[in-house]
Amino acid sequence: MIEFADLVAAGRVRKDVPLAPFTTYRRGGVAAWYYPATTPESLEILVPPDVPVLVLGRGSNLVVASRGFPGLVIHLQHAPSEITIDDSHLEAPGGVPLPQVARRAADEAVGGLSFFVGIPGSVGGAVRMNAGCHGTETRDVLAHATTWNLRRGEKSRRGPDELGLAYRHSDLTDDDIVLSARFRGVPSTTEAEEAAMREVSRWRRHHQPGGTLNAGSVFRNPEGDAAGRIIDELGLKGLSRGGAHVSHRHANFIEAHPTATPEEIHDLMAEVRATVEARTGIRLEPEIRFVGFDA
């Protein structure tokens, strides 16, 4: 374990680093402090309570305000080569991209993890948000995750129930980092898993806006319904704020023009949310995380 002040003194923490390149929207201000962590061991640090912390994976569900983040951004940068497989179980560090997990599992004839190819986040993000698609969630395949608490300097290993995994939710706090996760697969064939991944990718191309600046689904689906269906039914496709607009392909996506600001994305989300609540009584909860905004 190493303390934050020691990281700064050793030159392993940089100041005033732009965060836009690390998010799928390619927007946002600077991090006051930035720490790239390339191994799970490098994440075992102790951060004082007065330093705000943001754990960053692939930035696929994140919007950072133009004024940036006034604390420490810990950026998980783990290589797919660190994935290990034994007896149809796959283990990967928190910063490994989920599509790489799916592809490695397919290469090793491990089934049940192909849905990860359709999620653009990281292993840590999948655990934190219980990410899922095509009827499967992370909790369905997670054996356990190893986490580190940045304030207490404590490591723990917990299963899905102990993590409180529910629909797009976990009990992990901003002070917790997912060091690694172990997933349960099933025996399969490479051919079968590659076919399953192609089907997931085909569905995404057909139903979701590809090749655009977006951060995936904006809102969680309310119980028994779909946020995209509700927004579409209210005629909100194409609604815009500056350079941001509700996608014509899928109403639960907000696409951004290269000139869009983070504030325009945030304000459009808020307008859609307020309109849906006013006209249906349904209060949609954001799936995207907004950092640095007043509300």
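Now for a look at the structure at hand. (Residues numbered from 1 in each chain as written. Predicted model: local features only at pLDDT ≥ 70, side-chain atom pairs only at ≥ 80, totals over all residues. Heavy atoms only, no water.)

## Focus: the overall build of the protein
The helix and strand inventory of the protein stands at 7 helices and 20 strands. Over its C-alpha atoms the protein spans a radius of gyration of 19 Å, differing by no more than 12% from the 19 Å that the globule rule assigns to 295 residues. If one aligns the C-alpha atoms of the protein with their principal axes, the spans along those axes are about 50 × 50 × 30 Å. In the protein, buried positions account for 49% of the 295 residues. A separation of at least 24 residues holds for 66% of the contacts in the protein among residues at least 6 apart in sequence. Element-wise, carbon and sulfur atoms account for 49% of the exposed surface of the protein, whose accessible area totals about 13,100 Å². Looking at the protein, you have 32 positive and 38 negative side-chain charges, and the mean spots of the two groups are 4 Å apart. (Helix = DSSP H or I, 4+ residues; strand = E, 2+ residues; numbered from the N terminus. Rg over C-alpha atoms; globule rule 2.2 N^0.38 Å. Buried < 20%, exposed > 50% of the residue type's maximum accessible area, 1.4 Å probe, protein only. Contact = heavy atoms within 4.5 Å. Areas by Shrake-Rupley, 256 points an atom, 1.4 Å probe, with all protein chains shown as cover. Lys, Arg positive; Asp, Glu negative; His and termini not counted. Charge placed at Lys NZ, Arg CZ, Asp CG, Glu CD.)

## Thoughts on the pattern of salt bridges
Inspection of the entire model under this criterion finds 19 salt bridges. Of the charged contacts, one joins Arg104 and Glu108 as a salt bridge, the two residues approaching to 3.6 Å between their closest N and O atoms. Taking relative accessible area as the criterion, Glu108 reaches 42% and is therefore assigned partly exposed. Two residues, Arg202 and Glu199, come together in a salt bridge whose shortest N-O distance is 2.8 Å. (Salt bridge = Lys/Arg side-chain N within 4 Å of Asp/Glu carboxyl O.)

## Overview of the pairing of strand S3 (residues 30-37)
One ladder, built from 4 bridges, connects strand S2 (residues 14-18) with S3; its direction is antiparallel. When the bridges of S3 are listed, Val17 appears paired with Ala31. Across 6 bridges, the pairing between S3 and strand S7 (residues 69-76) is parallel. Pairing of Tyr35 across the sheet is with Ile74, part of S7. (Pairing = 2+ DSSP bridges.)

## Concerning the sheet that holds strand S14 (residues 154-158)
An order of S8-S9-S15-S13-S14 is seen for the 5 strands of this open sheet, with the pairing classed as antiparallel. Bordering the open sheet on either side are strand S8 (84-86) and S14, each of which pairs with just one other strand. Mean inter-strand twist for the sheet, computed between neighbouring axes without regard to direction, equals 15°. (Axes fitted to C-alpha atoms, helices over the stretch in contact; angles between N-to-C directions.)

## Concerning the sheet that holds strand S17 (residues 240-241)
By way of backbone hydrogen bonds, the strands of a sheet pair with one another, either parallel or antiparallel. Spatially, 3 strands are ordered S17-S18-S19 in an open sheet, and the strand pairing comes out antiparallel. Taken across any chain shown, the strands that pair with only one partner, and hence form the sheet edges, are S17 and strand S19 (254-256). Of the pairings in the sheet, the one linking S17 to strand S18 (residues 244-246) comprises 2 bridges and is antiparallel in character. Bridge pairing in S18 links Arg241 to Ala244. In the packing of helix H7 (residues 262-280) onto the sheet, contacts are made with S17, S18 and S19, and the angle to S18 comes to roughly 30°.

## Comments concerning the environment of Ser240
Within the secondary structure layout, Ser240 lies in strand S17. Taking the C-alpha atoms as reference points, Ser240 and Asp267, separated by 27 residues in sequence, lie 9.6 Å from one another.

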